[in-house]
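Structural overview for review
The chain contents come next:
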Amino acid sequence: MKRREFIMSTGAMLAAAPFMNFGAGTKPGRRMLVLAFDGMDPAIANRLMQKGELPNLQRLAGRGGFTMMRTTIPAQSPVAWASFAVGSDPGATGVYDFLARDPKTYMPEFSQAQTIPASSVIKLGKYRIPLKSSRVELGRQGKPFWNTLEENGVPATLFKLPGNYPPSPTKQRTISGMGTPDIKGTYGIYTLYTTDESEAERDISPNLLYYAYINEQNMLEDGWIEGPENDLKVGSGPVRVPFKAYLDYRHKTARIDVQGKTLLVSEGEYSDWVEVDFPLIEGISSVTGMVKFYLMELGKRFRLYISPVHVSPLHPATDICTPDNYSRELAREAGLFHMINLPADTKALQQNTFSLENFIVQSQSVFKESRRLFHYELERFEAQSKGLLFFYFSSLDQGQHMYWALTDPQHPFYQPETASRYGHVLEDLYRQHDRVLGEALEKLPPDVAIMVMSDHGFGTFRREVNINNWLHDEGYLKLSTPDWFPGQSFLEYGNWGETQAYTLGLNGLYLNMKGREAEGIVKPVQRRHLLNELKSKLEALRDPINGERIISNAYITEDVFSPTYLDRAPDIILGFRRGYRTVDNGAMGGFSEKVVDNRMDWWSGDHCIDPLAVPASFLSSFPINRKVPDIRDMAPTILEYFGVKPPPTMTGKPLV
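Because the structure is predicted, anything quoted here is derived from the model rather than measured.

Focus: empty space enclosed by the protein
Using the criterion set out here, one finds four cavities of 30 Å³ or more in the structure. In this structure, the largest cavity is lined by 15 residues; those nearest its centre are Lys160, Pro343, Ser370, Tyr392 and Ser394. Contributions of two or more residues to the lining of the largest cavity are made by strand 9 (156–161) and helix 10 (356–383). For the lining of the largest cavity, the leading source of residues is helix 10, giving four residues. Residues belonging to the lining of the largest cavity are distributed by class as follows: eight nonpolar, five polar and two charged. Along its surface, the second largest cavity is lined by Lys184, Ile189, Thr191, Leu208, Ile225, Glu226, Ile306, Ser307 and Val309. The residue inventory of the lining of the second largest cavity, partitioned by class, reads five nonpolar, two polar and two charged.

Considering the packing of aromatic side chains
Counted according to the given criterion, the structure contains 35 aromatic pairs. Measuring from centroid to centroid gives 6.3 Å for phenylalanine 622 and tyrosine 641, while their planes differ by 20 degrees, and the two rings are stacked. With phenylalanine 622 in the loop between strand 33 (616–620) and helix 18 (634–641) and tyrosine 641 in helix 18, this pair connects stretches of sequence that are 19 residues apart. Given a relative accessible area of 5%, phenylalanine 622 falls into the buried group. An aromatic cluster of at least three residues, connected via ring pairs, comprises Phe37, Phe159, Phe337, Phe367, Phe374, Phe391 and Phe393. In this arrangement the basic side chain of arginine 31 is found over the ring face of phenylalanine 381, its NZ or CZ atom lying 5.8 Å from the centre. Across from the ring centre of tyrosine 246, 4.2 Å away, lies the NZ or CZ of arginine 255, which sits over that ring.

A look at the packing of helix 2 (residues 42–50) against helix 13 (residues 425–443)
Taken N-terminus to C-terminus, the directions of helix 2 and helix 13 make an angle of 75 degrees; their axes are 11 Å apart at the nearest point. By the criterion of interaxial angle, the relationship of helix 2 to helix 13 is roughly perpendicular. Mapping the contact onto sequence places Ile44, Ala45, Arg47 and Leu48 in helix 2 and Leu426, Glu427 and Tyr430 in helix 13. Across the contact of helix 2 with helix 13, the residue classes tally to five nonpolar, no polar and two charged.

Remarks on unusual backbone geometry
The omega torsion of the bond from tyrosine 165 to proline 166 falls at -10 degrees, within 30 degrees of zero and hence cis. Following threonine 322, the chain continues to proline 323 via a peptide bond in cis, the omega torsion being -15 degrees. Relative to the helices and strands, proline 323 is located in the loop between strand 22 (321–322) and helix 8 (326–334). With a phi close to 70 degrees, tyrosine 106 is a non-glycine residue in the positive phi region. Its location among the elements puts tyrosine 106 in the loop between strand 3 (99–101) and strand 4 (108–110). Taking relative accessible area as the criterion, tyrosine 106 reaches 3% and is therefore assigned buried. The phi dihedral of asparagine 352 falls on the positive side, at around 65 degrees, and the residue is not glycine. In this structure, asparagine 352 sits in the loop between helix 9 (346–350) and helix 10.

Here we look at the packing of helix 3 (residues 55–63) against helix 13
With their axes 7 Å apart at the nearest point, helix 3 and helix 13 run at an angle of 55 degrees to one another. Viewed along their axes, helix 3 and helix 13 adopt a mutual orientation that is oblique. Residues Pro55, Asn56, Leu57, Arg59, Leu60 and Arg63 of helix 3 lie in contact with helix 13, whose contacting residues are Asp434, Arg435, Leu437, Gly438, Leu441 and Glu442.

Side note on the sheet that holds strand 33
Taking strand neighbours across the sheet as the criterion, the eight strands line up as 2-33-24-1-23-9-10-22 in an open arrangement whose pairing is mixed. The strands lining the two open edges of the sheet, one partner per strand, are strand 2 (65–69) and strand 22. Examined bridge by bridge, strand 9 and strand 23 (residues 387–393) share four bridges and lie parallel to one another. Paired with leucine 158 across the bridge in strand 23 is phenylalanine 390. Of the strands in this sheet, strand 9, strand 10 (173–176) and strand 22 are in contact with helix 8, which crosses strand 10 at around 80 degrees.

Observations concerning the confidence of the model for the protein
Here the protein averages 92 in pLDDT, while 92% of its residues score no lower than 70. In this model residues 1–18 is a low-confidence stretch, pLDDT under 50, and it forms 36 contacts with partners more than four residues away in sequence or in other chains.

Describing the layout of surface pockets
Considered as a void within the structure, the second largest pocket measures approximately 370 Å³ in volume. Lining the second largest pocket are 22 residues, with Ala100, Arg101, Glu109, Gln114 and Arg568 sitting closest to its centre. Mapped onto the lining of the second largest pocket, the elements with two or more residues apiece are strand 3 and strand 8 (135–138). Counting residues per element, the lining of the second largest pocket draws most heavily on strand 3, at three residues. Taken together, the residues that form the lining of the second largest pocket break down as eight nonpolar, five polar and nine charged.

Observations concerning the side chain of serine 363
In this fold, serine 363 is placed in helix 10. Classification of serine 363 by relative accessible area gives buried; the value is 3%. Among residues more than four places away in sequence, those in contact with serine 363 are Ser395 and Tyr403.

Some words on helix 4 (residues 77–86)
When you tally the buried positions in helix 4, you get 10 out of 10 residues, the bulk of the element. Turning to helix 4, its buried residues number three or more, namely Ser77, Pro78, Val79, Ala80, Trp81, Ala82, Ser83, Phe84, Ala85 and Val86. A positive backbone phi angle near 75 degrees is found at glycine 87, which sits one or two residues after helix 4.

So, the environment of leucine 280
Along the chain, the position of leucine 280 falls in strand 17 (residues 274–281). Owing to a relative accessible area of 13%, leucine 280 belongs among the buried residues under this scheme. Taking C-alpha positions, leucine 280 is 5.8 Å from asparagine 230, a pair spaced 50 residues apart along the chain.

Considerations on the pairing of strand 19 (residues 293–298)
In terms of burial, strand 19 is largely enclosed, as five of its six residues are buried. One ladder, built from five bridges, connects strand 19 with strand 20 (residues 302–306); its direction is antiparallel. Looking at strand 20, one finds that phenylalanine 293 is bridged to isoleucine 306. Connecting strand 19 to the antiparallel partner strand 20 that follows it, the hairpin turn spans three residues.

Each value, and the rule that gives it
- Residues numbered from 1 in each chain as written.
- Predicted model: local features only at pLDDT ≥ 70, side-chain atom pairs only at ≥ 80, totals over all residues.
- Heavy atoms only, no water.
- 1 Å grid on protein atoms, 1.4 Å probe; cavity = no way out; pocket = protein on both sides within 12 Å on 5 of 7 lines; lining within 4 Å.
- Points joined across faces, edges and corners; volume = space filled by probe spheres on them.
- Helix = DSSP H or I, 4+ residues; strand = E, 2+ residues; numbered from the N terminus.
- Nonpolar A, V, L, I, M, F, W, Y, C, P; charged D, E, K, R; others polar.
- Phe/Tyr/Trp six-rings, centres within 6.5 Å; stacked < 30°, edge-to-face > 60°.
- Buried < 20%, exposed > 50% of the residue type's maximum accessible area, 1.4 Å probe, protein only.
- Lys NZ or Arg CZ within 6 Å of the ring centre and 35° of its normal.
- Axes fitted to C-alpha atoms, helices over the stretch in contact; angles between N-to-C directions.
- Parallel < 35°, antiparallel > 145°, perpendicular 65-115°, else oblique.
- Contact = heavy atoms within 4.5 Å.
- Pairing = 2+ DSSP bridges.
- pLDDT = per-residue confidence, 0-100.

Laid out in structure tokens, this is it:
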């Protein structure tokens, strides 16, 4: 990846020159704030800064610098934040995608964490008692920079750094974010109660839809909150906790009673968090989670949304923080808060459970909660004489995924009337994040270093691509059935004895290597020739509708990554052109009707494309020593700022 290519591919940023202030010589300091605005795009930020609509970002840039920053290959959040933590490329972190695959089974698995089941269980009547508990292992490898800070006496707080579940061992204050599951062990299963019979009959599994029977007293008396599977009791299924809802149609409110607790919620509003205890063995063992209720409608229809059951930070059922009491302290002092992978429920909007307005309400609720927690941590940080505060906001990323079609008239999902009404919400998010920075600038003295950064930028997602279709058409992927059909997956019907290549995840292509995959057929001597052949063909692939290239760069991973954990990597990472991305079901091995098709979905913006097209943003209160930094440079820069020498395992370079 040459610097000239990187700069030319993001020409929109050249207009940012008035905000850039490059140079070396920053002296070691004692305090640093890092604000992580996931998905902040440098071109959008620059445009709004030039219009004077992001005054605090502009003020910060005037003190130090503002520029684009190289993200990782691929430009995915867990990949980029892992490199941020370790100060090296994915070859040193072992994280290459949201999904990895088990070469012994070809089955996908989450790259950020793996669950190791209990090694032995004894049966006592109807109960199953594990002799040794199951455990969750962090997927990211390498030594994170906060451990090095700890060794050198520099305290650090890292709030919801993505990809740090379960938190890596440290005495520093950390709490997990992206990658944290719900209480069921998934990444978010919501529930909807509705009096619309046709809606209740929809299949949106694994999410849960129930018909709401309202009795003559205007009461929903048979509501349930579904919790985790009861692995301690044979054949019991998930634990379910009852609740009742008393409806006041005149005042458009509902009273919800659950486990002796009462909540009042108005139409169009969210309840507060409520903890729910799920009994596994009555009187002996239970698991605590928490939910929010959202009364979406109370009129012609009754519609009640129940959030996924989150791990409670006040009574955590799994490891979510270091030290053990940190989440409890936060919950006691600042209130309960979201504890799930990514809190805004994009699936509910994609599945038409939410309207766009419903999603905006929820998104704003998430952002306000993050801001409340930031206030608490900022006050604590303000009182410290030394240390680092890293604080993560997810709302820009999730908002841009869902709002992009509102701003792109060429998107096939663009709806003029909806865009006219809601087209402002995307830029509003940038303005809101600017105000977060403004609060920090007002509270902190000038000698506190501040960095504002993202992990990647953003772009439109107009056309969805299924490379497995293409591999099948080209003869690289064979099935045990004569022809594929939409929705079919090679995980069920793959003919591995004749398959040379397959894709899993959003950007990964794997060879079916002999001696590596369970039924691999590609011999080591054939490997490089096949990789070069696939790279050439993929980069020549054209959209049948407009003739545009679909893939800018097919990166052969052994050519771009360090070798430490290269055995985990895809053999090729697909760098799609702006406007194209893997179709959803293709990430799980599925086939689609077409190789390339229009994207007709609210998820209309994305970044899982060629990283040259979606650079990250970087701003600082101090000058830096190069024009285009790399996300790998962040960790050594933080260490160098505190006068700590970066370890040799870090391939990034200090910017000061």
